[in-house]
Each structure stands twice: as structure tokens, then as C-alpha cells.
Amino acid sequence: MSNIDYSVNFTRCKEFVIQLLKSKLVPCVESAPGMGKSSMAKQIAAELDLCLVDVRLSTIDATELNGFAATMEKTMLDGSTMKVATYLPMDIWPIEGTPIPINTATGAPYKGWLILLDELRSASPDTQAAAYRLLLDREVGNKALHKRAVVMAATNGVEHNAVAYDAGTAMQSRIAWLSLKSDLDDWIDMAQRRNFDNRVIAFLNWKGVSALNNFNPDSTETNFGCERTWEMVSKAIKSIQTPEIPMLYNPLLVGLIGQSLAIEFQGFTQIYTNLDTFANVIGNPSGVAIDATRPDIMYAMAARIQSEIQPQTVASFIDPLMIYVNRLPIEFQSMIIKTILTKAPAMQSSCPAVTSWIQQKSKYLVNKQQQVAAQPMPQQAVSPSQDDDDDDDQP
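Computed from a predicted model, the values in this text were never measured in an experiment.

Caption draft 1: How the structure looks around the packing of aromatic side chains. Under the counting rule described, the total for this entry stands at 11 aromatic pairs. Site record: aromatic cluster; members linked through ring pairs are Phe203, Trp206, Trp230, Phe265, Phe268 and Tyr272. Directly above the aromatic system of Trp206 lies the positively charged group of Lys207, at a separation of 5.0 Å from the ring centroid.

Caption draft 2: A look at the pattern of salt bridges. Tallied over the full model, the rule gives 13 salt bridges. For the salt bridge of Asp189 with Lys338, the shortest nitrogen-to-oxygen distance reads 3.4 Å. Taken together, the residues span a long stretch of sequence, with Asp189 in helix H6 (residues 184–193) and Lys338 in helix H15 (residues 330–343) at a distance of 149 residues. Glu264 is paired through a salt bridge with Lys207; the nearest N and O atoms lie 2.6 Å apart. Placement of the pair is Glu264 in helix H11 (residues 259–268) and Lys207 in helix H7 (residues 198–207), with a sequence separation of 57 residues. By sharing partners, the salt bridges in this structure join Asp54, Arg56, Asp118 and Glu119 into a single network.

Caption draft 3: The arrangement of the nonpolar core in detail. Of all hydrophobic cores here, the largest spans 61 residues; its most connected members are Trp187 and Trp230. In terms of residues, this core owes the most to one element, helix H13 (residues 295–308), which gives 7 residues. Once you skip the residues sitting within four places of it in the chain, Trp187 turns out to touch Phe196, Val200, Leu204, Leu212, Glu227, Trp230 and Glu231. Counting 27 residues, the second-largest nonpolar core is a separate cluster that includes Cys51, Val55, Ile60 and Ala62.

Caption draft 4: Seen up close, the pairing of strand E10 (residues 149–156). By the criterion of burial, E10 is predominantly enclosed, with 8 of the 8 residues buried. On E10, burial covers both faces: Ala149, Val151, Ala153 and Thr155 on one face and Val150, Met152, Ala154 and Asn156 on the other are all buried. Two elements, strand E1 (residues 27–31) and E10, share 4 bridges in a ladder whose sense is parallel. Looking across to E10, one finds that Val29 is bridged to Ala154. Where strand E7 (residues 112–118) meets E10, 5 bridges bridge the pair, whose relative direction is parallel. Paired with Leu116 across the strands is Met152, a residue of E10.

Caption draft 5: The arrangement of the confidence of the model for the chain in detail. Averaged over all residues, the pLDDT of the chain equals 87, while 89% of them reach at least 70. In the predicted structure, residues 367–392 sits below a pLDDT of 50 and forms 28 contacts with residues beyond four places in sequence or in another chain.

Caption draft 6: Structural context of the packing of helix H1 (residues 10–22) against helix H2 (residues 37–47). At a minimum axis distance of 11 Å, the contact between H1 and H2 shows a crossing angle of 55°. With respect to H2, the axis of H1 lies oblique. Of the two elements, H1 crosses H2, and the hand of that crossing is right-handed. On the side of H1, the interface is formed by Phe10, Cys13, Lys14, Val17, Ile18 and Leu21, while H2 contributes Met40, Gln43, Ile44 and Glu47. Split by residue class, the contact of H1 with H2 holds 7 nonpolar, 1 polar and 2 charged.

Caption draft 7: The sheet that holds E1, seen in detail. Spatially, E2-E7-E10-E1-E11 is the arrangement adopted by the 5 strands of the open sheet, whose pairing is parallel. At either margin of the open sheet sits one strand with a lone partner, and together these are strand E2 (50–56) and strand E11 (176–179). Geometrically, the sheet is characterised by an average inter-axis angle of 20° between neighbouring strands, direction not taken into account. With 7 bridges connecting them, E2 and E7 associate as parallel partners. Paired with Arg56 across the two strands is Asp118, which belongs to E7. Its contacts with the sheet place H2 against E1, E2, E7 and E10, and it is angled at close to 175° to E7.

Conventions we followed
- Residues numbered from 1 in each chain as written.
- Predicted model: local features only at pLDDT ≥ 70, side-chain atom pairs only at ≥ 80, totals over all residues.
- Heavy atoms only, no water.
- Phe/Tyr/Trp six-rings, centres within 6.5 Å; stacked < 30°, edge-to-face > 60°.
- Lys NZ or Arg CZ within 6 Å of the ring centre and 35° of its normal.
- Salt bridge = Lys/Arg side-chain N within 4 Å of Asp/Glu carboxyl O.
- Helix = DSSP H or I, 4+ residues; strand = E, 2+ residues; numbered from the N terminus.
- Core = buried A, V, L, I, M, F, W, Y, C linked by side-chain atoms within 4.5 Å.
- Buried < 20%, exposed > 50% of the residue type's maximum accessible area, 1.4 Å probe, protein only.
- Contact = heavy atoms within 4.5 Å.
- Pairing = 2+ DSSP bridges.
- pLDDT = per-residue confidence, 0-100.
- Axes fitted to C-alpha atoms, helices over the stretch in contact; angles between N-to-C directions.
- Parallel < 35°, antiparallel > 145°, perpendicular 65-115°, else oblique.
- Left-handed = near helix turned anticlockwise from the far one by under 90°.
- Nonpolar A, V, L, I, M, F, W, Y, C, P; charged D, E, K, R; others polar.

Pasting the structure below:
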């Protein structure tokens, strides 16, 4: 068997999921715990204007997929009627005839539904078997799913020590399996767009992907670092007034990311005590000290600057900032320039210093892995709403 790693980062995985949904196929995103599978489904639902139906398969039994037994009147060939058994679906499922709900954010109906079958491998074998009909025949409780409903799944792997069962070949062949991996550059881009705490961004830039996600199924620590828990750390420390995190917060950090990462992260933040302020950098861009022998300080300073770059205000300090940026080692120059281009792309043409940097040093903006990830997805030759007679009803 090939040793090639076919796992993909969050951004690429989301693109694949959308492509599969538009092709009327069922994707399943598989990863270690805490890497953002459920968050991905929420983002996709929002982007495609679909109402999200989040079903945790580990918490339901087969009856909730097959339907509940009931009786109904059936007219026979001779005109007589008799009661027969049937199955009634749960009201969570969007079946044919279900009115499309209103998107309260827009005041207009959604374009359909996105059904997320989460914790797929954690479902009992009976529940997984009951899901076959939904996945293959698009039916629940003898009723057809609404034509505007699409389905995706998410799961932890058996190897991750979560409660998980092997998916049999019958399940495997009904799904397109996508393996999600941690990618530091991809996560940092997201964290900057969402204004995560710059101390978290600096620490992870310094320590690398092994700190972003140090999940170990055999670990006995309270918790572990992962995309979800670092987001929790960012939220938890936002209210701490001092740049450095006092040791009294260590129990909180241990509860979020485990002891080893918590101690290292809290210690890292102590460098902020003597770190130059952003005002000092802008006020004296040619003279403020730069210690290139201390990568931890360099990452902290870069993250502090990146957090100050906002589209509404960057123009007011871009010229002195670029004087300072051009004094940094190239790795940190490229980090800050990338943030400028992401948050305030107009600077590429409106600021001569930024334009000049790109003309001379653009090769430093991406590495080979990022270049591969940045390649555009192939466009479908036919729109999903035009490829057959039924597609007018598809989201």
C-alpha cells in the first residue's frame, strides 16, 4: 500500500465537501477529535444558505432512522379498507412536503437543508446499518428525503481511541471519505481573520503544528492541544489585562490544553513584559531594537503587529510599519506582509512600500505546500442546477 499522505487541510477539505455535495454525493470528514469537523458543516451551511440539521448518530438508535411503527388505512383493490403497518419518520428529517424554513438572517427561505450525520463511527452497528438507507436511497421511515436536502457525515477514526466502530464495506462504498489534517498556516490564517488572541497565534507560530495539535490517544493528561481547544484558550485569556499571563491562570490553561502545553504557553507569555509596544514600533520604526537571535520574541512581536492590522486603520500607519518590517528577517517580513494582503488587500496597489516589497520578494510569501494548497479547484463543466431534470430542486 502507498505511504503517500492524502489527508488535506481544513480549507481544501471544505472545498472538496462542497464539490461532492453539489455532485449529489455524500462526503464524510474523518479526523482526530477537536479539528473542526462540525464547524466546517456550519460554515458550509451558511455559505450555501442551507438550514443545518445536526444529528449526532451516537445519541440515537436505529428506530429514529427507520421510523416508528404505526398503522394506516389502506384501500384495497375491491374498494375495502384495512389497517396496515407503516413507519413514521422523526420530525427532524426534511422529507418531501416539508416546508423550507425561513432564514432569520435574510428573511427569505433557505435554499434547502444540510444534514450532518456526526459521530458516524461512534454510532452502534445497528444505527450505522439503519443509516444505509438514508445514505443510498435518501429515505427515512419509508419517506423520501426532500429533493433540496443534501447529506454529509463526520467522524473520529477508530485509531483515535474515541468510542468508534469500524465502518463495514457497505457503509464505505456509500460515502466519499476525506481525511482532515492539522495545518498550521491554514489555521493561523483563520485565527487572524477572526482576531484570535495574538499570544496564542505567536506561540503556535513559534512552536509549530505539533503544539497546535498534540492529540495522543494514549495520553493521561486532562486535555490536549487541538484546533478547538486553542480557540477556547483564545476566548478565555482575552479578558486578562496584562500582556503576560500570571501563573494563577495555570489551572485554567491545564484544563483547556493539558499540563505540558499550559506550562510552556504561560511561560512564553512572560516575554511580553519587556516587548516593545506597537506604538513604539510605529513611533520609531528605524530605531526600535530587533533581536533576531530570539525567535520567541520575534514571533511575539510579529503577532502583536499582525493583530493591529485592520482594514479600517492600516492606512494610517502603513508607511512607518513598512520601514520596520523591512528590517526584520525575511520569514517575519513575509508573515506580516501576508497579513496585510489578507486583511487589507488594497494596500498592494495603494501603498508604494508594499508594492515594492511584493515586486522584489513575493517568492517568500508562500512555500511549496502553500502553493499546492493555493491552487484553484477545477470548475465543474456543468452547474449542479443544470445537469439533469431533477436538479431544479437541488440546493
